[in-house]
Amino acid sequence: MNALQPLKNIYNNIKSLKLLDIAELNEQLNKAKKLIKEKIVSVKDLIEYLNEKYNYPEENYENANKLYDKSQLPKKPVLVLSGGGARGMAHAGVFKILNDLEIKPVAIIGTSIGAIAGALIADGKSAIDLYNIMYANEKFFKFLKWSNPVIRKKVKEKTMSFLRKNLTVYDFDKLKVPLYINTADLKTCQRVIISSGDIITAVTGSAAIPFIIESVERDSMLLTDGGVIDNFCVDIARNIENDGIIIVDVCAATDPTSSVQRDYFLLQVSKDLHEITKSFGKRILPIESEKDTFSFINNLFYMIGLRGGLAPSLNGDEIVITPMLEKMGVFEFDKRDFAYNKGIEAAKIVFKNFL
């Protein structure tokens with residue numbers, strides 16, 4: 001297939017929907033061609049281009065893993081767990097140190113893998129429980145490692161089965177800690193925070209990485225990975241009574257050639273193409289399921305255009321724990337111990353004065 005055929009298909013679809021006049025559409029298609037020919041001419045060039053455009057902001061490293069220098073530990077913190085695929089196994093390591101220090105969150109906000117970890121913690125699981133779950137469900141995590149668009153429905157079903165197996169309750173109201181799950185609705189292209197009703201559909205929807213895990217129907221919504229729009233939802237934490245916000249950021253890459261940058265290829269290149277071909281993702285299109293392929297991709301573009309980037313929005317008073325996961329990719333679920341230990345290491349740096 002000609003490398004430009006997908007762009008031509010998009011061109012024809014957009015033209016038929018009459019979103020733009022033909023002259024403007026031709027101009028934007030030429031810009032896209034120019035990007036591909038001049039910027040993305042090899043895998044090496046592609047990686048360099050992505051790193052140039054979407055490297056993790058340096059200012060967020062300045063806030064990461066700062067020593068917590070107050071005289072007392074927070075007694076009513078809100079715990080914010082970011083998405084990041086397999087890198088989210090570091091959440092368990094961070095939680096071990098929180099357990100050791102008897103830091104008990106009054107609420108948890110979770111996105112994607114952070115939603116899964118958050119649900120388990122809110123259900124009353126200890127750090128040791130989380131670690132054991134990682135190993136007791138090795139087949140599930142191996143399956144996730146080889147996830148792809150062809151089996152995305154099966155991945156969704158297995159994710160739901162994993163949650164049913166490892167949670168003791170399936171309703172938010174029965175959890176031991178209030179839980180807020182961050183998802184995105186493909187129909188309205190808005191962030192959706194779920195804190196009541198069925199846990200399984202909410203968490204699976206939050207973890208539904210586009211093209212990898214099939215989106216989840218809930219009420220009148222079609223839920224996909226919350227990280228498409230916002231990977232942290234720190235604003236939600238600020239609206240909950242607390243004496244501290246602890247953010248665990250497993251998205252940060254410490255190496256500019258890190259595989260995490262490549263793993264975010266789809267989201268980040270889509271965002272760039274959104275800027276170049278403004279006809280795509282310019283408005284929200286009707287969608288009933290992922291079978292509405294054009295609307296599905298278009299609405300993802302629309303939401304990605306709203307995205308603030310990989311880093312959390314900070315005021316400066318948050319406690320940011322950033323496991324230094326180096327070149328670990330979002331599907332490398334076989335690196336569980338590496339991620340877990342990096343979580344412990346980062347949390348120890350932050351809370352050194354209390355250990």
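Residue positions are given per chain, counting from 1 as you read along its sequence in written order. Given that the model is predicted, a residue must reach a pLDDT of at least 70 before its local features are reported, and side-chain atom pairs must reach 80 or more before they are shown or counted; all residues, however, enter totals for whole chains, interfaces and linings. Hydrogens and water molecules were not included; the side-chain quantities draw on all heavy atoms of the structure.

**Side note on the overall build of the chain**
Part 1: Put simply, DSSP H or I for four residues or longer makes a helix, DSSP E for two residues or longer makes a strand, and each gets a number counted from the N terminus. Within the chain, the secondary structure is distributed over 15 helices and 8 strands.
Part 2: Within the chain, the fraction of its 355 residues that count as buried is 55%.
Part 3: Here, two residues are considered to be in contact whenever any of their heavy atoms come within 4.5 Å of each other. For the chain, the proportion of contacts with a sequence separation of at least 24, taken over those separated by at least 6, is 77%.
Part 4: Here, Shrake-Rupley sampling with a 1.4 Å probe gives the accessible areas, and only protein chains in the shown set may cover a residue. Carbon and sulfur atoms make up 52% of the accessible area of the chain, which amounts to about 16100 Å² in all. The cut-offs for exposure are 20% and 50% of the maximum accessible area for each residue type, with area from a 1.4 Å probe on protein chains only; residues under the lower value are buried, those over the upper are exposed, and the others partly exposed.

**Remarks on the pattern of salt bridges**
Part 1: Salt bridges are defined as contacts in which a side-chain nitrogen from Lys or Arg sits within 4 Å of a carboxyl oxygen from Asp or Glu. In this structure the tally under the stated criterion is 11 salt bridges.
Part 2: In this structure, the salt-bridge partner of Lys-125 is Asp-123, at a minimum N-O distance of 2.6 Å. Taken individually, Lys-125 and Asp-123 each receive the classification buried, so the pair is uniform in this respect.
Part 3: Glu-332 is the salt-bridge partner of Lys-335, the closest N and O atoms lying 3.3 Å from each other.
Part 4: Judged by relative accessible area, which is 31%, Lys-335 ranks as partly exposed.
Part 5: Taken together, the shared-partner salt bridges in this structure form one network comprising Arg-191, Asp-230 and Asp-235.

**Section: the packing of aromatic side chains**
Part 1: A pair of Phe, Tyr and Trp rings is counted when the ring centres sit within 6.5 Å of each other, with Trp represented by its six-membered ring. The angle between the planes then sorts it: under 30 degrees is stacked, over 60 is edge-to-face, the rest tilted. Applying the stated criterion across every chain, the model contains 5 aromatic pairs.
Part 2: Ring geometry for Tyr-131 against Tyr-135: centres 5.2 Å apart, planes inclined by 40°, an arrangement best described as tilted. A residue pair is termed a helical-turn pair when its members lie 3 or 4 positions apart in one helix, as Tyr-131 and Tyr-135 do in helix H7 (residues 127-136) at 4 residues.
Part 3: When its relative accessible area of 26% is taken as the criterion, Tyr-131 is described as partly exposed.
Part 4: Among the aromatic residues, those joined into a cluster by ring pairs are Tyr-68, Phe-351 and Phe-354.
Part 5: Whether a charge sits over a ring comes down to the Lys NZ or Arg CZ being within 6 Å of the ring centre and within 35 degrees of the ring normal. Taking the ring centre of Tyr-135 as reference, the NZ or CZ of Arg-336 above it sits at 4.2 Å.

**What about helix H6 (residues 113-122)?**
Part 1: Within H6, 10 of the 10 residues are buried, which leaves it mostly tucked inside the rest of the structure.
Part 2: When H6 is considered as a whole, its buried residues turn out to be Ile-113, Gly-114, Ala-115, Ile-116, Ala-117, Gly-118, Ala-119, Leu-120, Ile-121 and Ala-122.
Part 3: In the stretch just after H6, Gly-124 is the one whose phi turns positive, near 105°.

**Points about the packing of H7 against helix H15 (residues 336-350)**
The packing of two helices is summarised by the inter-axis angle and the distance between the axes.
Part 1: Under this scheme, a helix contributes an axis fitted over its contacting stretch, all axes are lines through C-alpha atoms, and angles between N-to-C directions fall in the 0 to 180 degree range. The geometry of H7 relative to H15 is characterised by a closest axis approach of 11 Å and an angle of 165° between their N-to-C directions. The orientation of H7 relative to H15 falls into the category roughly antiparallel. The handedness of the crossing between H7 and H15 comes out as right-handed. In contact with Tyr-131, Met-134 and Tyr-135 of H7, H15 contributes Arg-336, Asp-337 and Tyr-340.
Part 2: A breakdown of the residues in the contact of H7 with H15 according to their chemical character gives 4 nonpolar, no polar and 2 charged. Here is the rule for angles: anything less than 35 degrees is roughly parallel, anything more than 145 is roughly antiparallel, 65 through 115 is roughly perpendicular, and the remaining ranges are oblique. In this scheme, a crossing is called left-handed if the near helix is turned counterclockwise away from the far one by less than a right angle; it is called right-handed if the turn is clockwise. The nonpolar class holds Ala, Val, Leu, Ile, Met, Phe, Trp, Tyr, Cys and Pro. Asp, Glu, Lys and Arg form the charged class, and all remaining residues, Gly among them, are polar.

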